[in-house]
Amino acid sequence: QVQLAESGGGLVQAGGSLKLSCVGSGRTFSSPARAWFRQAPGKEREFVSFITSTGRSTYYAASVKGRFTISRDNAKDTVYLQMSNLKPEDTAVYYCASPGRSFSSYDERSSYEDWGQGTQVTVSS
């Protein structure tokens, strides 16, 4: 099992930036990738971004493409999500996830087995 711990959330004005971190421990990086999801109040948890184990390939939800950047530092067992030009609709709890054995698609919640506790991001207008 992989333990994931997110940090870096907070309150920011629209147009501002935040950088989230996800530190892994336990059986880290035996999984091929990491992803970020988010869940707003009253809504389903949705895909945000995905990065392969080497960091060479990244994918983004259409709603964040061009504003968010995912990266990783394997030496520190850490994945980052740099968020820029934040909008009120980005307000959510952001979760880091590690793929499970039933991985099928990078943007499907069911592909992920291990999750962090989440970090709150609030964007004021």
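Residues numbered from 1 in each chain as written. Predicted model: local features only at pLDDT ≥ 70, side-chain atom pairs only at ≥ 80, totals over all residues. Heavy atoms only, no water.

**Q** For the pairing of strand β1 (residues 2–7), give the residues involved together with the corresponding values.
**A** Residues Val2, Leu4 and Glu6 point to one face of β1 and are all buried, whereas Gln3, Ala5 and Ser7, pointing to the other face, are not buried. In the sheet, β1 pairs with strand β3 (residues 18–26) via 6 bridges, with the strands oriented antiparallel. Residue pairing in the sheet places glutamine 3 in a bridge with serine 25 of β3. (Buried < 20%, exposed > 50% of the residue type's maximum accessible area, 1.4 Å probe, protein only. Helix = DSSP H or I, 4+ residues; strand = E, 2+ residues; numbered from the N terminus. Pairing = 2+ DSSP bridges.)

**Q** Give me the environment of threonine 78: which residues, what numbers.
**A** Here threonine 78 shows up in strand β8 (residues 78–83). Separated by 60 residues in the primary sequence, threonine 78 and leucine 18 have C-alpha atoms spaced 16 Å apart. Among the polar contacts made by the side chain of threonine 78, one reaches the main-chain carbonyl oxygen of lysine 76 at a distance of 2.8 Å. (Polar contact = N/O pair within 3.5 Å; in protein donor to acceptor, adjacent residues only side chain to side chain.)

**Q** Outline the sheet that holds β8, listing residues and values.
**A** Taken in spatial order, the 4 strands of this open sheet run β1-β3-β8-β7, and their pairing is antiparallel. Because the sheet does not close on itself, it has two edges, and the strands there are β1 and β7 (68–73). Here the strands of the sheet are splayed against their neighbours by 20 degrees on average, with no regard to which way each runs. Two elements, β3 and β8, share 6 bridges in a ladder whose sense is antiparallel. Across the sheet, lysine 19 pairs through a bridge with glutamine 82, a residue of β8. (Axes fitted to C-alpha atoms, helices over the stretch in contact; angles between N-to-C directions.)

**Q** Summarise the packing of aromatic side chains; cite the residues concerned and give the values.
**A** Per the counting criterion, the structure on display carries 10 aromatic pairs. Centroid distance phenylalanine 37 to phenylalanine 47: 5.8 Å. Interplanar angle 80 degrees. Geometry classified as edge-to-face. One end of the pair, phenylalanine 37, is in strand β4 (residues 33–39); the other, phenylalanine 47, is in strand β5 (residues 46–52), and 10 residues separate them in sequence. Each member of the pair, phenylalanine 37 as well as phenylalanine 47, is classed as buried. Taken together, the aromatic side chains of Phe37, Phe47, Phe50, Tyr59, Phe103, Tyr106, Tyr112 and Trp115 make up a single cluster linked through ring pairs. (Phe/Tyr/Trp six-rings, centres within 6.5 Å; stacked < 30°, edge-to-face > 60°.)

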